[in-house]
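What follows is the residue order along each chain.
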Amino acid sequence: AEEYVCSVGVVPEDLPQGDDVSAERQHQELLQRLFGAAYEIQRLQNEAQKKFKMGIHTGEIHAGVIGQKLPRFRLFGDTINTSARMMQKASPGQLLFGEATNRLLPSSLKVKEADGIIV
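Residues numbered from 1 in each chain as written. Predicted model: local features only at pLDDT ≥ 70, side-chain atom pairs only at ≥ 80, totals over all residues. Heavy atoms only, no water.

As for the pairing of strand β2 (residues 62-66)
Alright, step 1. Pairing of β2 with strand β3 (residues 72-76) involves five bridges; the strand directions are antiparallel. Residue alanine 63 lies in a different strand from β3, and its bridge partner there is leucine 75.
Alright, step 2. In sequence, β2 turns back onto β3 through a hairpin of five residues, with glycine 67 there showing a positive phi of about 105 degrees. (Pairing = 2+ DSSP bridges. Helix = DSSP H or I, 4+ residues; strand = E, 2+ residues; numbered from the N terminus.)

Encoded structure:
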């Protein structure tokens, strides 16, 4: 099975610009875009044979080039590890995320809680 990582807010161009945009508002706008993309993936996969499992976590990440023979750009840290674990625990076609992400969601996003996990 293929697994992919998507990260938003890694490069300055990802962030909403303006002097009046708070860090929390920036994060909410990024989550709105990320959840919009996840919703579209879920909508499209309902028409296809393949189902994706998705996990989202909010927090600090680290990035860098690792390796000397075959250098590769990598994202790592607790946030990446936690989102990967969420993805692994998700059922096919499901998006899992935790309280850290839920606290920052814009009120326009509606979510439901299942078995103590916010989905």
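Quick word on helix α2 (residues 78-89)
Given 3.6 residues per helical turn, the α-helix brings residues three or four places apart onto the same face.
Alright, step 1. Counted at 1.5 Å a residue, the expected span for α2 with its twelve residues is 16 Å, and the 16 Å between its end C-alpha atoms agrees.
Alright, step 2. Those residues of α2 not exposed but buried are Thr79, Ile80, Thr82, Ser83, Met86 and Met87. The arc that holds the buried residues of α2, viewed along the axis, is 165 degrees, so those residues lie on one side. Of the exposed residues in α2, those oriented more than 90 degrees away from the buried face are Asp78 and Lys89.
Alright, step 3. Residues of α2 that are buried in the fold lie against β1 (54-56), β3 and β4 (95-97). (Expected span 1.5 Å × (residues − 1). Buried < 20%, exposed > 50% of the residue type's maximum accessible area, 1.4 Å probe, protein only. Arc of directions from axis to C-beta. Contact = heavy atoms within 4.5 Å.)

Notes on the environment of glycine 93
Alright, step 1. Take glycine 93: it is sitting in the loop between α2 and β4.
Alright, step 2. Setting aside anything within four residues of it in sequence, one finds glycine 93 in contact with Gln42, Gln45, Lys51 and Phe52.

Concerning the packing of aromatic side chains
We describe a pair of aromatic rings using the distance from one ring centre to the other and the angle between the two ring planes.
Alright, step 1. Applying the stated criterion to the full structure yields one aromatic pair.
Alright, step 2. The interplanar angle of 85 degrees and the centroid separation of 5.1 Å between the aromatic rings of phenylalanine 35 and phenylalanine 97 together place this pair among those described as edge-to-face. One end of the pair, phenylalanine 35, is in helix α1 (residues 23-45); the other, phenylalanine 97, is in strand β4, with 62 residues separating them in the sequence. The pair phenylalanine 35 / phenylalanine 97 is uniform in exposure class, with both members buried. (Phe/Tyr/Trp six-rings, centres within 6.5 Å; stacked < 30°, edge-to-face > 60°.)

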